[in-house]
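Notes for the structure review
One letter stands for each residue in the lines below.
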Amino acid sequence: MFVFAAEGGEEHNPIIPIWQEIVIGTIAFAILCYVLMKFVFPRMEQTFKARVEAIEGGIKRAESAQAEANQLLEQYKAQLAEARTDAARIRDDARADAEGIRQDVLAKAREESDRIIAAGKEQLAAERQTIVRELRAEVGTIAVDLASKIVGESLADEARRKGTVERFLSDLESAGAR
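Predicted model only: the values in this text are computed from it and were never measured. (Residues numbered from 1 in each chain as written. Predicted model: local features only at pLDDT ≥ 70, side-chain atom pairs only at ≥ 80, totals over all residues. Heavy atoms only, no water.)

1. Quick notes on the pattern of salt bridges
By the definition in use, this model includes five salt bridges. What emerges from the salt-bridge pattern is a single network uniting Asp86, Arg89 and Asp93. (Salt bridge = Lys/Arg side-chain N within 4 Å of Asp/Glu carboxyl O.)

So, in C-alpha cells, the structure goes:
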C-alpha cells in the first residue's frame with residue numbers, strides 16, 4: 001500500500017480512505033455477511049425457535065397441568081361433598097334405626113311390666129281368696145267353739161255350724177261394705 005502511495009507521488013489525505021482498502025474491506029465484509037447469513041444466522045434462528053418452543057411448550061404444559069390439577073381438585077371436592085352427604089345420611093339412618101330399636105325395647109319392656117303386674121295382681125287375688133277361705137273356716141271353728149262354751153250346748157252339727165258361720169260372715173261383709 002505504501003508502495004502505491006509512494007509511486008503516485010501525491011500526498012494522501014487522511015480523511016479519505018484509499019480506494020483499494022475500500023474494495024478489500026467491501027469484499028471482506030461481503031464474505032463475512034455471506035458466512036453469517038449462510039451458517040450463523042440460521043443456527044441462531046434455530047436456537048431461538050427451539051428456545052421459544054421450549055418456553056411456550058413449558059407454559060402450555062404448565063397450563064395443561066394446572067387445568068388438570070384444577071379438574072382433579074374439583075373432582076376431589078365433589079367426591080368429598082358426596083362422601084360427607086353419604087356419611088350424614090348414614091348417621092341419620094343409624095339414629096332413626098336406634099330410635100326405632102329404642103321404641104321397640106321400651107314397648108316390649110312395658111308389655112313385660114304390664115304382664116308381670118297383671119300376673120302379680122292375679123296371684124295376690126288368688127292368695128287373698130285362699131286366705132279369706134282359710135280365715136272363714138278358722139273363724140267359723142273358733143266362733144262355734146266360743147259359742148258352744150257360752151251357750152253350754154254342743155254346736156257340733158256340721159251343717160248347722162256351717163250355715164251359722166256363713167250367715168255371720170256374710171252379715172259382717174255386708175256391714176263392712178256399707
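2. Focus on the UniProt feature "transmembrane region" (unreviewed entry) in the protein
Per the UniProt record, the feature "transmembrane region" (unreviewed entry) sits at residues 22–41. Helix and strand shares over residues 22–41 are 100% and 0% respectively, and the end C-alpha atoms of the span are 25 Å apart. (UniProt positions renumbered as here; feature names shortened; annotations may be inferred. Helix = DSSP H or I, 4+ residues; strand = E, 2+ residues; numbered from the N terminus.)

3. A short note on the UniProt feature "coiled-coil region" (unreviewed entry) in the protein
Listed under "coiled-coil region" (unreviewed entry) in the UniProt record, and renumbered for this structure, are residues 55–93. Helix and strand shares over residues 55–93 are 100% and 0% respectively, and the end C-alpha atoms of the span are 56 Å apart.

4. Re the confidence of the model for the protein
When pLDDT is averaged along the protein, the result is 84, and 85% of the positions lie at 70 or above. The element-level mean pLDDT for the protein is lowest in helix 1 (residues 2–8), coming to 46, with helix 2 (residues 19–151) highest at 90. Throughout residues 1–8 the model reports pLDDT below 50, and contacts reaching past four residues in sequence, or to other chains, amount to three contacts. (pLDDT = per-residue confidence, 0-100. Contact = heavy atoms within 4.5 Å.)

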